[in-house]
Amino acid sequence: MRLTQLRSFHAVATTGSFTAAARSLHVSQPTVTTQVGQLEVLYGVELFHRAGRRVRPTEMGERLMTLSRQIFGLEAEAVQLLRESGELRTGHLRVAAVGPSHVTRMLVAFNQHYPGITVSVSTGNSQEVLDRLADYSADVGVLAQVAHDERFVSVPYSEHAVTIFCSTQHPFALRRSIGIAELQGERLILRESGSTTRKAIEMAMESAGVKPDVVMEIASREIIREAVLQNVGVAAVSEVEYVPGPGLRAVRISDAKVRTYAHVVCLAERQNSAMVRAFVQCAQDARPAKESGAPQRSATPSLSTNP
């Protein structure tokens with residue numbers, strides 16, 4: 001059985017005539033008559049009682065019409081679902097981010113523009129975010145670095161200084177800033193491998209010939225914060241991610257440009273997805289008007305291939 005044959009049957013059964021059915025399907029009446037006749041011959045059944053121009057379903061026709069209503073009702077729902085998804089009135093966007101500080105403003109802006117879209121957010125370091133994009137478990141990522149991989153494209157969002165934070169018991173707590181050289185031999189708590197903040201501070205120290213005393217490597221921001229609070233050591237953090245609190249102090253690095261960057265990233269093959277492009281636009285619109293060192297807002301943001 002072909003779907004066109006069933007569609008012709010359904011049109012005749014619901015309109016009560018071959019002429020009206022042909023008109024509703026935008027085909028000729030002989031086409032509808034032929035398709036219904038083929039269905040009857042193929043299965044050896046009689047689907048309609050024909051009485052002049054009017055027809056009515058037989059008992060078998062009534063039973064088949066019950067099923068055809070379900071089939072074409074579901075088809076209509078599928079069309080509506082796809083239409084609403086294309087218009088971003090419904091759907092599901094999966095966002096992977098390196099942390100809440102960068103992505104929250106973007107999520108709020110996206111929800112305001114597209115309240116019908118369900119958004120789920122997962123967090124991890126930059127490599128984990130890229131891995132989720134690569135295996136299609138995330139649609140868009142928010143990273144603290146550019147992915148130097150041709151599989152991905154990105155849009156710059158913001159730039160932030162990396163600062164050192166310490167316990168109020170530490171000598172640095174009496175200072176507003178320190179030089180990079182003062183980290184020589186300092187007890188330092190690092191983020192896990194793959195962290196952009198870690199890469200930024202390590203590159204700055206290596207460039208200055210500074211070798212700290214690395215006492216811990218911790219993946220959790222919360223645990224690092226607690227370790228610093230207990231004066232186990234000092235740690236580096238992006239200013240936008242630093243959470244002030246009793247017993248803690250943030251100290252700027254005065255003589256080295258140590259920065260982290262936020263970028264919106266997706267797979268190159270998915271950059272023209274309506275939902276991805278909508279999120280990128282919302283992220284651009286949500287970017288703070290005055291961001292220290294941040295890229296200038298473009299009138300028409302676009303995804304660009306990474307080097």
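This text gives an overview of the structure that appears in the document. (Residues numbered from 1 in each chain as written. Predicted model: local features only at pLDDT ≥ 70, side-chain atom pairs only at ≥ 80, totals over all residues. Heavy atoms only, no water.)

Focus on the packing of aromatic side chains
Two numbers describe a pair of aromatic rings. These are the distance of the centres and the angle of the planes. In the structure shown here, the tally under the stated rule is five aromatic pairs. Ring geometry for Phe18 and Phe48: centres 6.1 Å apart, planes at 65°, overall edge-to-face. Taken as a pair, Phe18 in helix H2 (residues 18–25) and Phe48 in strand E1 (residues 48–51) lie far apart in primary sequence, 30 residues in all. The interplanar angle of 45° and the centroid separation of 5.1 Å between the aromatic rings of Phe110 and Tyr114 together place this pair among those described as tilted. Members of the aromatic cluster, joined through ring pairs, are Phe9, Phe18 and Phe48. (Phe/Tyr/Trp six-rings, centres within 6.5 Å; stacked < 30°, edge-to-face > 60°. Helix = DSSP H or I, 4+ residues; strand = E, 2+ residues; numbered from the N terminus.)

Things to note about empty space enclosed by the protein
Taken as a whole and judged by the stated rule, the model has two cavities of 30 Å³ or more. What the largest cavity holds in volume is close to 100 Å³. Along its surface, the largest cavity is lined by 14 residues, and Val98, Ala144, Thr196, Thr197 and Arg221 are the ones closest to its centre. Along the lines of polarity and charge, the residues of the lining of the largest cavity split into two nonpolar, nine polar and three charged. As a volume, the second largest cavity reaches approximately 40 Å³. Those elements that provide at least two residues to the lining of the second largest cavity are strand E8 (187–191), helix H7 (196–208) and strand E10 (234–238). Among the residues making up the lining of the second largest cavity, the classes are represented as five nonpolar, one polar and two charged. (1 Å grid on protein atoms, 1.4 Å probe; cavity = no way out; pocket = protein on both sides within 12 Å on 5 of 7 lines; lining within 4 Å. Points joined across faces, edges and corners; volume = space filled by probe spheres on them. Nonpolar A, V, L, I, M, F, W, Y, C, P; charged D, E, K, R; others polar.)

Considering the nonpolar core
The nonpolar side chains of a soluble globular protein tend to be buried, and buried together. Formed by 25 residues in total, the largest nonpolar core has its most connected members in Leu93, Val95, Met106, Phe110, Val142, Val264 and Phe279. Secondary-structure elements contributing two or more residues to this core are strand E3 (91–97), helix H5 (100–113), strand E5 (140–143), strand E6 (152–167), strand E12 (259–267) and helix H9 (274–286). By residue number, the principal contributor to this core is H9, which donates eight residues. Excluding residues within four positions of it along the chain, Phe110 makes contact with Leu93, Ile117, Val119, Met275, Ala278, Phe279 and Cys282. Core analysis: the second largest hydrophobic core is formed by 20 residues, Cys166, Ala173, Leu188 and Ala236 among them. (Core = buried A, V, L, I, M, F, W, Y, C linked by side-chain atoms within 4.5 Å. Buried < 20%, exposed > 50% of the residue type's maximum accessible area, 1.4 Å probe, protein only. Contact = heavy atoms within 4.5 Å.)

Structural notes on the pairing of strand E11 (residues 248–253)
Bridge count for E6 against E11 is four bridges, and the pairing is antiparallel. Among the inter-strand pairings, Ser167 is bridged to a residue of E11, identified as Leu248. Two elements, strand E7 (residues 177–178) and E11, share two bridges in a ladder whose sense is parallel. If you follow Ser177 over to E11, its bridge partner there is Arg252. (Pairing = 2+ DSSP bridges.)

So, the side chain of Ser195
As for its position among the elements, Ser195 is in the loop between E8 and H7. From its side chain, Ser195 meets the backbone nitrogen of Thr197 in a polar contact 3.3 Å long. Looking at Ser195, its side chain comes within polar contact range of the main-chain nitrogen of Arg198, at 3.3 Å. (Polar contact = N/O pair within 3.5 Å; in protein donor to acceptor, adjacent residues only side chain to side chain.)

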